[in-house]
Amino acid sequence: MPIVSFDSRSLSIEGRRIWVVGGTIHYARLLREQWHDTLRAAREAGLNTVEAPVVWGQHEQRPGEFDFTGDLDLKAFVQAAAKEGLFCILRLGPYIGGDYDFGGLPAYLHGVADKKNNRVKFREDEPLYLEAVDRYYRAIMEQVGGLQVAQQGPTGSSAYAYPPGGAAGGYQGEGGGPLLMVQVEHAWESTDPEQLYLNRLVSMLRQHGCVVPLFNANNLWQPVEGTFDTWRGEADLPAMMRQLSVVQPESPPIVSHFKTTKRVAWGLDTPAPIDSDALAYRIAGLVGVGAQFNLAPFYSGTNLGFGGSGPPRLGEGEPLGEAGQRGDTYRAVKRVCTFASQFGSILANSEPISATTIALNETDHPVAVLHQQSTQGELVMLLKSGKDKTKQTELMLGSGLTLEVPHAGQRVAWVLLNTSLGGRSVLDYTSLSPWALMDRKLLVVFGPAGSTGQVSIDGEHHTVTVPTGKSPTVIQGDPFHIAVLNQEQIDSAYRSSDGLIIGCNGIDGDGKPKPLKGWGTQFTVGTDGVVTRKRIAAPTTPTAPRLTPWRTLSVRSLVDGSDADYQPIDGPASLGELGQAYGYGWYRFSNKKAVTGKVLPHAGGDRLHLYQQGKLAGLLGTGEGAEHNAKQLKLAGDTVVLADCLGRSSGGPALGTDPKGLPDHLYTVKAIKTGKPVVARQPAGDPFRVVGMAYRQRAGARPMSESLTWSIKPEPRKPVLLEIDGLAQPCVIRVNEAPIGYYTAEPAGQVTRLLLDPAELEAMTGGKNSVGLELLEPLGSGVKIEKHVRFYQTAGTATPKEGWAFAPWTIPTHDDAGWRDVPKALPSQPGWFCAAFDIESSDAALYLEPNGMSKGQIVLNGHNVSRYWQQTREGRIVGPQERYLLPAPWLKVDESNSLMLFDEHGRTPDKCKLVYEVG
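What you see is a predicted model; the values in this text were computed from it and never measured.

This part is about the pattern of salt bridges. Tallied over the full model, the rule gives 40 salt bridges. A salt bridge links R32 to D73, with the nearest nitrogen and oxygen atoms 3.3 Å apart. Linking R32 in the loop between β4 (21-25) and α1 (35-44) with D73 in the loop between α2 (56-59) and α3 (74-83), this pair joins segments that are 41 residues apart in sequence. Among the ionic pairs, D328 bridges to R331, the shortest N-O distance being 2.8 Å. Here R331 and D328 lie together in helix α8 (residues 328-342), a separation of three residues that amounts to about one turn. By relative accessible area, D328 is classed as exposed at 52%. Using a relative accessible area of 22% as the deciding quantity, one classes R331 as partly exposed. A cluster of three or more residues bridged by salt bridges with shared partners is formed by D37, R40, R43 and E84.

With 15 residues, α8 ought to run about 21 Å at 1.5 Å a step, and its terminal C-alpha atoms sit 21 Å apart, in line with that. Its axis deflected by about 25° at K334, α8 carries its strongest bend there. Burial of α8 is extensive: 13 of the 15 residues sit out of reach of the surface.

Right, let's get into the sheet that holds strand β54 (residues 831-837). Across the sheet, which stays open at both edges, the six strands sit in the order β53-β35-β54-β59-β56-β57 with antiparallel pairing between neighbours. Two strands lie at the open edges of the sheet, namely β53 (820-821) and β57 (863-869), each paired on one side alone. One ladder, built from five bridges, connects strand β56 (residues 855-860) with strand β59 (residues 897-903); its direction is antiparallel. Each residue of the ladder has a partner; that of Q857, found in β59, is F902.

Reading guide: rules and limits
- Residues numbered from 1 in each chain as written.
- Predicted model: local features only at pLDDT ≥ 70, side-chain atom pairs only at ≥ 80, totals over all residues.
- Heavy atoms only, no water.
- Salt bridge = Lys/Arg side-chain N within 4 Å of Asp/Glu carboxyl O.
- Helix = DSSP H or I, 4+ residues; strand = E, 2+ residues; numbered from the N terminus.
- Buried < 20%, exposed > 50% of the residue type's maximum accessible area, 1.4 Å probe, protein only.
- Expected span 1.5 Å × (residues − 1).
- Bend = angle between axes of the 7 residues up to and from the residue.
- Pairing = 2+ DSSP bridges.

Dropping the structure here:
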């Protein structure tokens, strides 16, 4: 039976070393029909492994009810990876990172409590939580346990065919399946020697049949018995990997989360994507020091429906675009990753020569040389900084021979010396960069166009000129032919069963090369060294479909509270408690006596649209256009609240502490004048007195910092609201010396409100109280604390105790009665709009540009596509996203397509349009 093991160099299967060249594919943001194209794109980029983050919250939306069907069929996704010749790594969590609502945990955990009504604590050694995790692990291993590499298949034979031209070193049917490793938890950057939580996770996985290696990605913060350490990051990684090898000499250095994108947030400028040349430089630096890697993400997909708290596009500049586009980043990744996987056996058997070398800082250093050596050959990696103008580097080989390596515009070049080529020949040296070895007959190398290169195989020396045009140069030889390409050619080259195809944009599911813009001829270099050419038609962008005249469906009865869908509820409750854990929900309450004053919600993480007699009275909460401070309101008679769940906090100790919607009453408040706080110099606060996981904090480490203390005296039996707004320093919150909470300072700019209620808080009295912030970091000069910390005295609740009702937010159908032509003037209130369109093909990526709209939801043929947010009610542009992908599997070619928009402020959609993008 195959067994997966590892040592200081790499993983091994039955003694065959595996060199991981991986990339994260978020299958949870993909439709099942898109899996194979995405996995094929990964293989064609040179990857031999994919990592799949498993979103617990999607698979178990209700306790004990697991869904592994359709788009959520995890077992089928892992099997699809195997069919593409790819190993698979699972990021199993339970917490899988800040890119998902609640870090991937299920929303139902908010309602879990013990018999004493103590709420469950997340990511801690806590029985209620661990019971749920254990159930989750068991369900996952029931799905994929038999697909582990170390599990024998039912027949003991290869279960999947290795695809022609597949990634070398990838899955080849070793029995059972392609599951190579499993990651336990994620980004546990906290140190508490008494924390047993992580060790319990390892134990549970083993008990449920996980036999492959387990690893963590905690950047050495917390050791976990039974796992080995990997790294997360994007810069200075070669140095980190050398240090990691020193810290854990018995395990391979791996960057399991190699960041390839920068996250996008609503209302912020789009960050510049990581430069493609810089990304190739970083990958090459890792290869040069003998480190394996996983690009995170390779493909991030789309936050379908209400799946994310940010824009539907997660990042900018990931290797594979949202609709499968292959741009500069993809080509840069393909350049280096193909080499790393094709020659992975050399890398996996090499010992990096850890001699002192020029330090890598990306922007300003001479050419750095990284060297590895094994019995199978030598690798020399040459890295230029962004400012270096070196055109060629002279290497003196061990024989005394001088080898001139051309750079020209390339920041990265590599050479192989004394290298075994499939056991048939020896590559003595090459000054051009080896890229692929096909069928043990064709060696593919590349370099700058017009440069001169040297290649020697079995003592036969060749001097070649790298081609400057589209046609490749081929050197006939025995037993190897050599294809010489320039960088433009290598970026358009793909390996297939017919040979090396140049001038295409990948190979489709039928094995046919796809056309590439700028290439009117495709060249095929057979493994026999023969070049054939074929004229092809350039890809064209089809004419965008036209939308039929828009129609509108009013939701006025929901806005004014008269709709029959409203059903009585006992009082304020979170959206999760009301069965609508994500998206919108409608609340209604009635004040028999008018309440006038400044109104503030206890929880401030969502957006609350308040309507009186069908007119907007206020928009409270988070983000552009909303009032996050106390707002003067008069609440009389029926009030309707459209609650917009923007997503749960997804990291740090704040994880999941924000119930969604309207979980508590609205309060009328007045500011408390407290004066300046008393500042005392003292050891930093200890967050572990309050939480089990304090992000980037070490238990027992309490450097000198400050405490800030205010004196307050609440009105009898009335709570006080403490508001912390955008304070940069994390701190422990205490009342009368007792710690009661922890402010994390993340994400930046967050507003935290804590209800200090004498009736519920044991530490608080009805008389004079001290409220303090024990800072974990010094405040620094120039910080005006009064801008960040405020106290409000509640005068009472602005909402009644009784008379509440709730109506779910639902998607209508295109055929519902009530649709009518859009009038010239619309009320500024929520509403639905629909139009239809026809298409002739779903091959090109189709996008919606909701120009002129405000904020809302896109629905295609009954499927909830995603949020959009173009501008505020007042017309301020939000961005940064301007177009939204309509998933191809949801489009209809043989009949009309239905497009619906729910717009929170009822903007007229007459400027919306559909556009195609060919990638």
